[in-house]
Amino acid sequence: MAIEVRPATVFDDVKTMVGPKRPDANVCWCLSYRIPSKQNLALQREERGKFVKKLVAEDPPPGVLAYDGGEVVGWAAVHPRADTSFATNRRIPHVDDSEVWSVWCIRVRPGHRGNGISHHLLEGAVEMARKYHAPAIEGYPVDNKGSKVDLTMAYVGTRKLFEKAGFTKVAETTSVLNGFPRVLMRLDLR
């Protein structure tokens, strides 16, 4: 398996990873941290996909995709923190005023999990932030201390995943997901 990670510029591949099975379903589309809460709640059904299609056409795109051959197998949302709800999140602190990027969602398609794809996705997110001259990149994973994390909540990643990618814990948060505290992990890109 040769995993390749590329910027998320192909809408159909983004849709495969974060879109609904039915176009009229009201699913996340990985927008809950990307846009303000009020806007996120106002976007309904097909409008959510249309909004993501616009994001995919922007520079920078809304994330990265992992491919195994020609098949899309993973997604990571990564963008400047200032363009996300983390810019005003009260539960996840700002370490400083640096124009950092955030990576907040890592998804691997069923049937492809357990093959290290999340590691490739996190590396790809780091490379994208570096390409756009980000001074640092942050993630907000759970500190599960090796305990199993429910798959529906595993999208934020684990502290161990981020540590393996060279990130270090720089702050506690008051955010809790699936019963586990989230920590602020950062990687300096300078």
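Relevant structure appears above.
Thresholds applied
Residues numbered from 1 in each chain as written. Predicted model: local features only at pLDDT ≥ 70, side-chain atom pairs only at ≥ 80, totals over all residues. Heavy atoms only, no water. 1 Å grid on protein atoms, 1.4 Å probe; cavity = no way out; pocket = protein on both sides within 12 Å on 5 of 7 lines; lining within 4 Å. Points joined across faces, edges and corners; volume = space filled by probe spheres on them. Helix = DSSP H or I, 4+ residues; strand = E, 2+ residues; numbered from the N terminus. Nonpolar A, V, L, I, M, F, W, Y, C, P; charged D, E, K, R; others polar. Salt bridge = Lys/Arg side-chain N within 4 Å of Asp/Glu carboxyl O. Buried < 20%, exposed > 50% of the residue type's maximum accessible area, 1.4 Å probe, protein only. Expected span 1.5 Å × (residues − 1). Contact = heavy atoms within 4.5 Å. Core = buried A, V, L, I, M, F, W, Y, C linked by side-chain atoms within 4.5 Å. Arc of directions from axis to C-beta.

Here we come to the layout of surface pockets. The calculated volume of the largest pocket comes to roughly 1,100 Å³. Around the largest pocket, the lining is made up of 41 residues, and of these Ile106, Val108, Arg113, Leu151 and Ala154 lie nearest the centre. Of all the elements in the fold, those that place two or more residues in the lining of the largest pocket are α1 (11–18), β4 (101–108), α4 (117–131) and α5 (159–164). Class assignment of the residues belonging to the lining of the largest pocket gives a composition of 19 nonpolar, 15 polar and 7 charged.

We now examine the pattern of salt bridges. Scanning all chains against the criterion turns up 13 salt bridges. Glutamate 4 is the salt-bridge partner of arginine 6, the closest N and O atoms lying 3.0 Å from each other. Taking the shortest distance from any N to any O, the salt bridge between glutamate 138 and arginine 186 comes out at 2.7 Å. You can see glutamate 138 sitting in strand β5 (residues 136–139) and its partner arginine 186 sitting in strand β7 (residues 180–188), a full 48 residues away along the chain. Comparing glutamate 138 with arginine 186 shows no difference in burial state: the two are buried. Salt bridges sharing partners connect three or more residues here, namely Arg81, Asp96, Glu138 and Arg186.

Both trends apply: most residues other than glycine have a negative phi, and most peptide bonds are in trans. Note the cis peptide between aspartate 59 and proline 60, where omega equals 5°. Within the secondary structure, proline 60 sits in the loop between α3 (46–57) and β2 (63–68). At lysine 145, a residue that is not glycine, the phi angle is positive and equals roughly 50°. Take lysine 145: it is sitting in the loop between β5 and α5. Residue classification places lysine 145 among the exposed residues on the basis of a relative accessible area of 68%.

Another aspect to go through is α3. For α3, with 12 residues, the first-to-last C-alpha span of 17 Å sits near the 16 Å given by 1.5 Å per residue. Looking at the buried residues of α3, the elements they touch are α1 and α2 (37–42).

With that settled, consider the nonpolar core. If you look at the biggest cluster of nonpolar residues, it comprises 27 residues, and the most contacted ones within it are Val14, Leu31, Leu65 and Trp75. Within the residue set of this core, elements represented by two or more residues are α1, α3, β2, β3 (71–80) and β4. Other than its neighbours up to four places away in sequence, leucine 65 contacts Glu4, Val5, Arg6, Ala8, Val10, Asp13, Val14, Met17, Val72, Gly74, Trp75 and Leu121. Of all hydrophobic cores here, the second largest spans 26 residues; its members include Ala66, Trp101, Leu122 and Val183.

Before going further, it helps to examine α1. All of the buried residues along α1 are Phe11, Asp13, Val14, Met17 and Val18. Seen along its axis, α1 keeps its buried residues to an arc of 160°; they face one direction. Lining the buried residues of α1 we find α3, β2, β3 and β4.

On inspection of all chains with the given rule, the structure shows 1 cavity of 30 Å³ or more. When its volume is computed, the largest cavity comes out at roughly 60 Å³. Residue lining of the largest cavity: Val14, Val18, Trp29, Cys30, Leu31, Arg34, Val52, Leu55, Pro62, Trp75, Ala77 and Trp104, and that is the complete set. Listed by contribution, the elements that provide at least two residues to the lining of the largest cavity are α1, α3 and β3. Across the lining of the largest cavity, the residue classes tally to 11 nonpolar, no polar and 1 charged.

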